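The residues making up each chain are set out below.
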Amino acid sequence: MNGSEKTSRPPTVREAALEDAEPIYYLARDLADALGDQRPQPDAVRARLDEFLKEPRARVLVVEGEDGVVGAASIWIKPDLAHGDAVIEVPMLVVSGSARRLGVGKLLIEEIQSIAADENAALIELVATKENDVARAFYRSLGFVETDHVALEFVGDVQSPPDTVG
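Treat the numbers as computed from the prediction; the structure is a model and nothing was measured.

(A) Region of interest: the overall build of the protein chain. On a plain count of helices and strands, the protein chain comes out with four helices and five strands. In sequence order, the protein chain lays out its α and β elements as β-α-α-β-β-β-α-β-α. If you line up the protein chain on its principal axes, its C-alpha atoms span 70 × 35 × 35 Å. Buried residues in the protein chain amount to 29% of all 166 residues. Across the protein chain, the fraction of contacts at a sequence separation of at least 24, relative to all contacts at a separation of at least 6, is 56%. Of the accessible surface of the protein chain, which amounts to about 11,300 Å², a share of 51% is contributed by carbon and sulfur atoms. Each charge class in the protein chain can be summarised by its mean position, and for the 17 positive and 30 negative side chains these summaries are 4 Å apart.

The following block contains the structure:
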């Protein structure tokens, strides 16, 4: 191999560190844009990452490639009274646009499945919007099934909730 040839190193999954706050912010911002959600603030992402890193039942994973952090996922390991065991909840899984279809999402899911096995979790829960056909097809290709559950989110003022529900 001559000096002009570049060897590519495969992307790897690792636990996030506080130093990953900036690239995670950019990934979270891109995800919010794709979903039509409000963009997070950089300081808020850093503060939440710091909280996640200190929480023993939470993890943040990143995938590092040649261009730095190209994917991230956050998980909660939750005791589940309904099933009598643990459930892994995945509130965020995102891959940068430049790294999609390169196996980054699959690496994250494989690591989440490994954590689920270590925790003796009964299932892994994640959410994709109805409109996100690409994500839904990706998750189905990895063995996830769509359920008939209806997700409800309270979007009102939590400091002053309505007196009655109509």
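After that view of the structure, there is still more to cover.
(B) Examining the sheet that holds strand β1 (residues 12–15) more closely. Spatially, the five strands line up as an open sheet ordered β1-β2-β3-β4-β5, and their pairing is mixed. Every other strand in the sheet has two partners, leaving β1 and β5 (121–126) as the edge strands with one partner each. For this sheet, the mean inter-axis angle between neighbouring strands, taken without regard to orientation, is 25°. By the bridge criterion, four bridges tie β1 to strand β2 (residues 58–65) in an arrangement that is antiparallel. By the bridge assignment, Glu15 is partnered in β2 with Leu61.

(C) Structural detail: the environment of Glu15. Along the chain, the position of Glu15 falls in strand β1. C-alpha of Glu15 to C-alpha of Ser74: the two residues are 59 residues apart in sequence and 10 Å apart in space. The contact partners of Glu15, leaving out residues within four places of it in the chain, are Asp20, Arg59, Val60 and Leu61.

(D) The arrangement of the packing of aromatic side chains in detail. Overall, the coordinates contain four aromatic pairs when judged by the stated rule. Between Phe138 and Tyr139, the aromatic rings sit 5.3 Å apart at their centres with planes inclined by 55°, giving tilted as the arrangement. Residue classification places Tyr139 among the buried positions, given a relative accessible area of 10%. Centre to centre, the rings of Tyr139 and Phe144 are 5.8 Å apart; their planes meet at 65°, and the pair counts as edge-to-face. Of the two residues examined, Tyr139 and Phe144, each falls in the buried class. Members of the aromatic cluster, joined through ring pairs, are Phe138, Tyr139 and Phe144.

Analysis parameters
- Residues numbered from 1 in each chain as written.
- Predicted model: local features only at pLDDT ≥ 70, side-chain atom pairs only at ≥ 80, totals over all residues.
- Heavy atoms only, no water.
- Helix = DSSP H or I, 4+ residues; strand = E, 2+ residues; numbered from the N terminus.
- Buried < 20%, exposed > 50% of the residue type's maximum accessible area, 1.4 Å probe, protein only.
- Contact = heavy atoms within 4.5 Å.
- Areas by Shrake-Rupley, 256 points an atom, 1.4 Å probe, with all protein chains shown as cover.
- Lys, Arg positive; Asp, Glu negative; His and termini not counted.
- Charge placed at Lys NZ, Arg CZ, Asp CG, Glu CD.
- Pairing = 2+ DSSP bridges.
- Axes fitted to C-alpha atoms, helices over the stretch in contact; angles between N-to-C directions.
- Phe/Tyr/Trp six-rings, centres within 6.5 Å; stacked < 30°, edge-to-face > 60°.

From the geometry alone we can't say anything about function, so treat these as descriptive.
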